Each structure stands twice: as C-alpha cells, then as structure tokens.
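# Residue-level structural notes
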Amino acid sequence: MPLVSVIIPIYNTEKFLPLCISSVLNQTLTDIEVLLVNDGSTDGSGKICDEYACKDQRIQVIHTLNQGVSHARNQGLETAKGEYIAFMDSDDWIETNMIATLYQLIRTNEAGLATCGYIIENEDGRPIYHINEVKSGKLTQWEAIHSLFNDRHYKYKGNLYHKEIIDKHHLKFNEHIYYNEDRLFIFQYLSHCQSAAYTTSPYYHYVTRKSSAMNLSQKNYTPKLCTFMDAFDLMTSLSATFPTYILRALSADYIKSSFLFYTQHSREIP
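## Here's the deal with the pairing of strand β3 (residues 59-64)
- Bridging between strand β2 (residues 32-39) and β3 involves 6 bridges; their strand directions are parallel. When the sheet's bridge partners are listed, V34 is paired in β3 with I59.
- Taking the sense of rotation as the criterion, the β-α-β connection linking β2, helix α2 (residues 45-55) and β3 turns out right-handed.

Listed below in structure tokens is the structure:
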C-alpha cells in the first residue's frame, strides 16, 4: 500500500501536463501512487497520461467521460489506496520536496492536515505572486477554518489529508458545485480534525491561465458560475455552531465575492 496517493484531474492541459506529472514522479518521497483522472479530454492529454503510465508503475490512469473536476477527484478518491491524499491541478507543478515536507509536518505536529505556501505564475513561468514571509506552525481547528476566509499566507493548494478522515466521514467533492468546490471540501474536512500544520514556504506552483476555470471573473456568464454561492450557503449552514469570528469572516468573504461577481456579470444575469 502506498503512503501517499496523488490525485490529478485532467482536462485538455496537454501543454502543461508533462511538467505536472514529472514534478510528482520526481518527489523525494517516492512511496506514492499517482492517479491521473482524464476527464474526457479532447486534446492529447489522455495519450500523454497513458505514455507516462507505461514508464512508471506508480501511475494509474482513469479515463472517464467529461463530468467535471469534482467527479474526477471523487473517482480518484474511490480508487486511492494511500494512507494520505494529495490533490493537484494538471496545469500546476510542485517542488521536489513538497510531499515529504507535508508528510513531516503532519507527523511531527500530529495534525489532521498539512498545507504549504504557493507561487502564482503565468503560463510562461513568470512569477506573479509569492510569499515573502517564511514561517511554520500549527493551527487549532478554528484557526484553520478561519484562515480559509482570512488568508494572508496560503491558499490551501498544496495539502496533505488523512485518507482515514475522508473515509470515516464519507467526504467527497460536491459534483453540483463548479466554483469554490475545493474550499467547501477543505471546510468540511477541517470540521472533522482538530488541527492543521503549515509552512508558508512556497512548494506549490499555481499556474494562472486565461482559459482556467479559476478565472471566474473573466468568463462569460452561465448558471454554473453562480454555484460558488451554493458553496458559501453550505458552509454557512454547517458553521451554525462555530465561533462568531468564523461566521463573520465567512460572511464578509461571501459578501465580497458576491459583490465582485455581480459587478462583473450584472448585465448578463437574466
């Protein structure tokens, strides 16, 4: 049984996929399995996945019809055999010691989750943002949840989860939510663990693209865009008994995100 399962949902990212996969295979912690979930790609992504699988036995490829990133991640969770779980986007890449660092953080601090800092870069690899202040530590459950809405140092991109917690509480990604679904999953996960360990050192490279699903404000309006509010609604209902300062931070983020969304798309919304 592998120590860590790395789940990578893939849709039409052939330009970025080799660097993404290679960065995982080159990890200093080698006891991993890599689950490449090809979500019905129409470019050469599926072929690239199969070629890598022939070269490294740690890779398993899952080909599915296009049903979205949440379905792809859930397919990976159902297949994963690792004691720990990590997720990546297929246009991103990670430093060679990211998984080893997260594993040491989670073990040393006896934490329910470990997370690291990140670098935002454009398609050409030019850094757009990175964290200057480097520090590490441990957050209580409430501090960790609060940081999801009041974040200065990390975006919970490079994370390591306990598979046991995911399985015990039947956690999965909501396949009816297309934006903010990853934060909803982390929120639900943190609701079931007592602490999170972190470092702000940037081990995760988040590549921002004009065509990326994350660029919500740049996309033409569709009803799917509004599902980011469904995620906020679910987090609000789940946090009814949480400390007041968490509810305030969540509400403030909800209002800010909704204002920016409607400012951008008010003329398009029916």
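## Overview of the state of the cysteines
- In the structure shown here, the tally under the stated rule is 0 disulfides.
- The thiol of C49 is not disulfide-bonded; the next cysteine sulfur, from C20, is found 9.2 Å away.
- No disulfide involves C116; its sulfur sits 14 Å from that of C20, the nearest cysteine.
- C116 gets classed as buried once you look at its relative accessible area, which sits at 1%.

## Examining the packing of aromatic side chains
- With the rule as written, the count across this model stands at 15 aromatic pairs.
- Between W142 and F242, the ring centres sit 4.8 Å apart and the planes meet at 55 degrees, which makes this aromatic pair tilted. Placement of the pair is W142 in helix α5 (residues 141-147) and F242 in the loop between α8 (227-238) and α9 (244-265), with a sequence separation of 100 residues.
- Look at W142 and you get partly exposed, because its relative accessible area is 31%.
- Overall, the relative accessible area of 12% leaves F242 in the buried class.
- Judged by centre distance (6.4 Å) and plane angle (85 degrees), the rings of F228 and F232 are edge-to-face. Remark: F232 and F228 occur in helix α8; sequence separation between them is 4 residues, near one turn of the helix.

## Description of the side chain of K163
- Position of K163 relative to the elements: it lies in helix α6 (residues 163-168).
- A residue is classified by how much of its surface remains accessible, and K163, at 11% relative accessible area, is buried.
- Dropping the residues within four chain positions of it, K163 is found in contact with L77, A80, G82, E83, Y84 and I85.

## Structural notes on α9
- The end-to-end C-alpha distance of α9, which contains 22 residues, comes to 31 Å, matching closely the 32 Å that a straight helix rising 1.5 Å per residue would cover.
- For α9, the set of buried residues is I246, A249, L250, D253, Y254, S258, F261 and H265. Buried residues of α9, seen end-on, are gathered within an arc of 160 degrees and therefore sit on one face of the element. For α9, the exposed residues set more than 90 degrees away from the buried face come down to R248, I255, K256, F259, L260 and T263.

## What about α2?
- Those residues of α2 not exposed but buried are S45, G46, I48, C49 and Y52. Burial along α2 is one-sided: seen end-on, the buried residues are contained in an arc of 160 degrees. Looking at α2, the residues exposed on the side facing more than 90 degrees away from the buried face are K47 and C54.
- Of the surrounding secondary structure, the elements contacted by the buried residues of α2 are β1 (4-10), α1 (17-25), β2 and β3.

## Topic: the pattern of salt bridges
- Overall, the coordinates contain 7 salt bridges when judged by the stated rule.
- As a salt-bridge pair, R58 and D56 come within 2.9 Å of each other at their nearest N and O atoms.
- Put simply, D89 and R73 hold a salt bridge, and the shortest N to O gap is 3.3 Å. Separated by 16 residues along the polypeptide, D89 in the loop between β4 (84-87) and β5 (93-94) and R73 in helix α3 (residues 69-79) bring together distant segments of the chain. We note that D89, like R73, is buried.

## A word on the pairing of β1
- Among the 7 residues in β1, 7 count as buried, and that is most of the element.
- Residue alternation in β1 divides its side chains into two sets, V4, V6, I8 and I10 and S5, I7 and P9, and both sets are buried.
- As paired elements, β1 and β2 share 7 bridges and run parallel to each other. By the bridge assignment, I8 is partnered in β2 with L36.

## Comments concerning unusual backbone geometry
- With a phi close to 55 degrees, N12 is a non-glycine residue in the positive phi region.
- Here N12 shows up in the loop between β1 and α1.
- Even without being glycine, H170 reaches a positive phi, approximately 55 degrees.
- With respect to the element layout, H170 can be found in the loop between α6 and α7 (181-190).
- We classify H170 as exposed; its relative accessible area is 68%.

The rules behind these values
- Throughout this description, residue numbers start from 1 for each chain and increase along the sequence as written.
- The predicted nature of this model means local features are confined to residues of pLDDT at least 70 and side-chain atom pairs, given and counted, to a pLDDT of 80 or more, with totals for whole chains, interfaces and linings taken over all residues.
- Hydrogens and waters are ignored; side-chain quantities use all the structure's heavy atoms.
- Here, any two strands with at least 2 DSSP bridges between them count as paired.
- Helix and strand assignments come from DSSP, with helices taken as H or I runs of at least 4 residues and strands as E runs of at least 2, each series counted from the N terminus.
- With the strands aimed away from the viewer, a crossover counts as right-handed if its path from the first strand over the helix to the second runs clockwise.
- A pair of sulfur atoms, both from cysteines and within 2.5 Å, is called a disulfide here.
- Each residue's exposure class comes from its accessible area (1.4 Å probe, protein chains only) as a fraction of the maximum for that residue type: buried when under 20%, exposed when over 50%, partly exposed otherwise.
- Aromatic pairing here means that ring centres of Phe, Tyr or Trp (its six-membered ring) are within 6.5 Å. Orientation follows from the plane angle: under 30 degrees is stacked, over 60 is edge-to-face, and everything else is tilted.
- The contact rule is simple, with two residues in contact once any of their heavy atoms fall within 4.5 Å.
- Between the first and last residue of a helix there are one fewer steps than residues, each counted as 1.5 Å, and that sum is the expected span.
- Here, the arc refers to the directions that run from the helix axis to the C-beta atoms.
- Criterion for a salt bridge: a side-chain nitrogen of Lys or Arg within 4 Å of a carboxyl oxygen of Asp or Glu.

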